[in-house]
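Survey of secondary and tertiary structure
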Amino acid sequence: MENEILICAHCRHELPLTQHHLMNNNYIAKKFYGIIPIEFCSAMLYFHKDGIVQNLIHHLKYKNRPEIGTILGNWYVNDIREIAKDQKFTTIIPVPLHKKRLKERGYNQITTFCEALSQNLGIEINNQLLYRKMYSKTQTKKSKEARSEITNTLFDVSFTSADHGKHYLLVDDVITSGATLEACARALLKIPDVKISILTIAYTDS
């Protein structure tokens, strides 16, 4: 099949695993230290330009290959199963797309990864709690300050008392500056007595 991408056994062994789940003070934790309270944070893979992870994410995000998210989620759950029990995550929150973007793309690229985590860990997914208020173009060419200012206006929550006091696992595909996840976490922290943790498929400094 043209453009078919398969994660073969060889490729799986070549995946650059971060082992973040074994490090309390990993790179993601350092991004948010002193900014927002995060209980646990981890990325599964390192994202390098023109590398295998970039190829996987590109196909997942733009080539309608949702099975990639399922495969990665099923693999990573073995590393975080005990952490999920210890942390007592109650709800998985996928970083949402704006309705316009969702219509353009046809799917949220992080959905199948979240579904794999949910099914293996027995944790519910809530796609309604956190929502994106504004449609935005890509932020990759904006300055860090401009990205942060714009991103902090993008998300909000719609919650009831039933959402109070939970431990939300916020999930995205790639973390770069951390601005999007920070904005999502700030929105979720409007809910009384909640805890926030962060999980992504990949991490990049670029």
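Nothing here was measured: the structure is a model prediction, and the numbers come from that model. Numbers given to residues run from 1 along each chain, matching the order in which its sequence is written. For this predicted model, a pLDDT threshold of at least 70 governs which residues receive local features, and a threshold of 80 or more governs which side-chain atom pairs are given and counted, while totals over whole chains, interfaces and linings are taken from all residues. Excluded from the side-chain calculations are hydrogens and water; all other atoms, namely the structure's heavy atoms, are used.

Now for the nonpolar core. Among the nonpolar cores identified, the biggest contains 31 residues, and Leu-72, Phe-113, Leu-117, Val-171, Leu-199 and Ile-201 are the most heavily contacted of them. Elements that contribute at least two residues to this core include exactly strand 1 (41-46), helix 3 (52-62), helix 4 (67-87), helix 6 (111-121), strand 6 (167-175) and strand 7 (195-203). Ranked by residue count, the leading element in this core is helix 4, at eight residues. In this description, a nonpolar core means a group of buried Ala, Val, Leu, Ile, Met, Phe, Trp, Tyr and Cys residues linked to one another through side-chain atoms lying within 4.5 Å. For every residue, the accessible area (1.4 Å probe, protein chains only) is compared with the maximum for its type, and the residue is labelled buried under 20%, exposed over 50%, or partly exposed between those bounds. Grouped together as the second largest cluster of nonpolar side chains are 27 residues, Leu-170, Ala-183, Cys-184 and Ala-187 included. Going along the chain from the N terminus, every DSSP run of H or I of four or more residues is numbered as a helix, and every run of E of two or more is numbered as a strand.

Moving on, we get to the side chain of Asn-126. Among the structural elements, Asn-126 can be located in the loop between strand 3 (124-125) and strand 4 (130-132). Think of a polar contact as two N or O atoms within 3.5 Å of one another; within protein, one of them needs to be a possible hydrogen donor and the other a possible acceptor, and neighboring residues in sequence only count if both atoms come from side chains. In terms of polar contacts, Asn-126 uses its side chain to reach the backbone amide nitrogen of Gln-128, at 2.8 Å. Reaching out from Asn-126, the side chain makes a polar contact with the backbone nitrogen of Leu-129 at a distance of 2.9 Å. Contacts are residue-level and defined by heavy atoms, with any inter-residue pair within 4.5 Å sufficient. Those residues in contact with Asn-126 that sit more than four places away from it in its chain are Thr-91, Ile-92, Ile-93, Pro-94 and Asp-163.

Two elements in contact, helix 4 and helix 6, have axes separated by 8 Å at closest approach and are oriented at 45°. With respect to each other, helix 4 and helix 6 are oriented oblique. Two packed elements cross with a definite hand, and for helix 4 against helix 6 that hand is right-handed. Two secondary-structure elements touch here, helix 4 through Gly-69, Thr-70, Leu-72, Gly-73, Asn-74, Tyr-76, Val-77, Ile-80, Arg-81 and Ala-84 and helix 6 through Thr-112, Phe-113, Ala-116, Leu-117, Asn-120 and Leu-121. Within the contact of helix 4 with helix 6, the residues separate by chemical class into nine nonpolar, six polar and one charged. Axis definition: a line fitted to C-alpha atoms, limited for helices to the stretch in contact. Angles are taken between N-to-C directions and run from 0 to 180 degrees. An angle below 35 degrees is read as roughly parallel, one above 145 as roughly antiparallel, one from 65 to 115 as roughly perpendicular, and any other as oblique. If you view the pair so one helix is near and one far, a crossing is left-handed when the near helix is turned anticlockwise from the far one by less than a right angle, and right-handed when it is turned clockwise. Under the convention adopted here, Pro, Cys and the residues Ala, Val, Leu, Ile, Met, Phe, Trp and Tyr are nonpolar, Asp, Glu, Lys and Arg are charged, and Gly plus all remaining residues are polar.

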